Amino acid sequence: MSSSAAFHRAIALTECAPQHADRAFTAQAQPVPWPKAYGGDSVAQGALAAIRTVDGDRMLHSVHSTFLRGVDTSEPVTYEVETLRDGRSFSTRHVRAHQHGTLVYLATASFHVPEPFPEHGPVMPEVADPENLRSAADALADLEGPDVEYWSHGRSFDMRHVPGPVYVHIEGERIAHQAVWVRAFERLEDDPVIHQVAIAYVCDYTILEPVLRVLGLPWRSDGLVTASLDHAMWFHAPARADDWLLYAQESAGISDGRGLGIGRFFDRGGRLIATVAQEGMIRPGRPH
């Protein structure tokens, strides 16, 4: 049965005594069917830890992350937050995440007091409505395995691909772009921070898929190894993560075993909500 429980568990931060910075929090990465945690856990947890240290008059507008080591899902992670700057309009925080005594994740988060200003953004792609697309559970209905269960029900969000998913094989053309409708399985509380953190949480699931699509490498490719290297995210406008958002994505370049994915979130009215850029390591399985 699908629910948003994994997301809620991931963002359950507990404040603790800092060792090297101004504030500190612990959080738990969520179980996955592979050895290391999902990278969106770190992005969302790090962003929320930083948010907890700023005044309520300013909103997170960007977070820049570096993934240093894989996170063990069986042990908590400690996020230490350093106050770098608090100005009249902007604040900056540095986040360092430790596990087993080792640095696993870094982030810089910037906050801004909202100001009325004209908006401009790219045009949202024209794609099929989510109601006319298959859910992950529908697309994988004839298959079994822990990865299938996770993709279908374990990620807290309903995801519907255009032109089709890349779970077991590449559905649709091997093109360098795709779109994914995303929405939390369940209604979230009304706090805008929760919805912003939810968008940060879900953004890492599919951002490298255009790279895999153009290379002809579905997630279930024998021996495929991927890893998030660094990540940047900018927030342009508020939106509810329990309403459908279109995540339009493209492969911005592939070389030397690395691929760069670019993504943009739009609400159903076409308003630009957030922009994401992420580079990842791509290592295809060795031929037999």
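Residues numbered from 1 in each chain as written. Predicted model: local features only at pLDDT ≥ 70, side-chain atom pairs only at ≥ 80, totals over all residues. Heavy atoms only, no water.

An unreviewed UniProt entry annotates the protein chain as Acyl-CoA thioesterase II of Microbacterium sp. A8/3-1.

Within the protein chain, the secondary structure is distributed over six helices and 12 strands. For the protein chain, the C-alpha radius of gyration of 18 Å lies close to 19 Å, the compact-globule estimate for 288 residues. For the protein chain, the C-alpha atoms occupy an extent of roughly 50 × 45 × 40 Å along the three principal directions. The buried share of the protein chain, reckoned over its 288 residues, is 49%. As presented, the protein chain carries roughly 13500 Å² of accessible surface, and 51% of it is formed by carbon and sulfur atoms. When the 25 positive and 37 negative side-chain charges of the protein chain are each reduced to one mean point, those points stand 3 Å apart. (Helix = DSSP H or I, 4+ residues; strand = E, 2+ residues; numbered from the N terminus. Rg over C-alpha atoms; globule rule 2.2 N^0.38 Å. Buried < 20%, exposed > 50% of the residue type's maximum accessible area, 1.4 Å probe, protein only. Areas by Shrake-Rupley, 256 points an atom, 1.4 Å probe, with all protein chains shown as cover. Lys, Arg positive; Asp, Glu negative; His and termini not counted. Charge placed at Lys NZ, Arg CZ, Asp CG, Glu CD.)

This part covers the sheet that holds strand β6 (residues 102-112). Taken in spatial order, the 12 strands of this open sheet run β1-β2-β4-β5-β6-β3-β9-β12-β11-β10-β8-β7, and their pairing is antiparallel. Each edge of the open sheet is held by one strand with a lone partner, namely β1 (14-16) and β7 (157-162). Here the strands of the sheet are splayed against their neighbours by 25° on average, with no regard to which way each runs. Bridge count for β1 against strand β2 (residues 23-27) is three bridges, and the pairing is antiparallel. By the bridge assignment, E15 is partnered in β2 with F25. Helix-sheet contacts for helix α2 (residues 39-51) involve β2, β3 (59-67), β4 (77-86), β5 (90-99), β6 and β9 (225-235), and the interaxial angle to β4 is about 45°. (Pairing = 2+ DSSP bridges. Axes fitted to C-alpha atoms, helices over the stretch in contact; angles between N-to-C directions. Contact = heavy atoms within 4.5 Å.)

Turning our attention to the nonpolar core. As a rule of thumb, nonpolar side chains are buried together in soluble globular proteins. Residues F7, F157, Y201, M233 and F265 are the most contacted members of the largest nonpolar core, which totals 73 residues. In terms of residue count, helix α5 (residues 192-202) provides more of this core than any other element does, eight residues in total. Among residues more than four places away in sequence, those in contact with Y201 are A6, F7, A10, Q30, Y38, G40, D41, A44, R155 and F157. V162, A179, W181 and W244 belong to the second largest nonpolar core, which has six residues in total. (Core = buried A, V, L, I, M, F, W, Y, C linked by side-chain atoms within 4.5 Å.)

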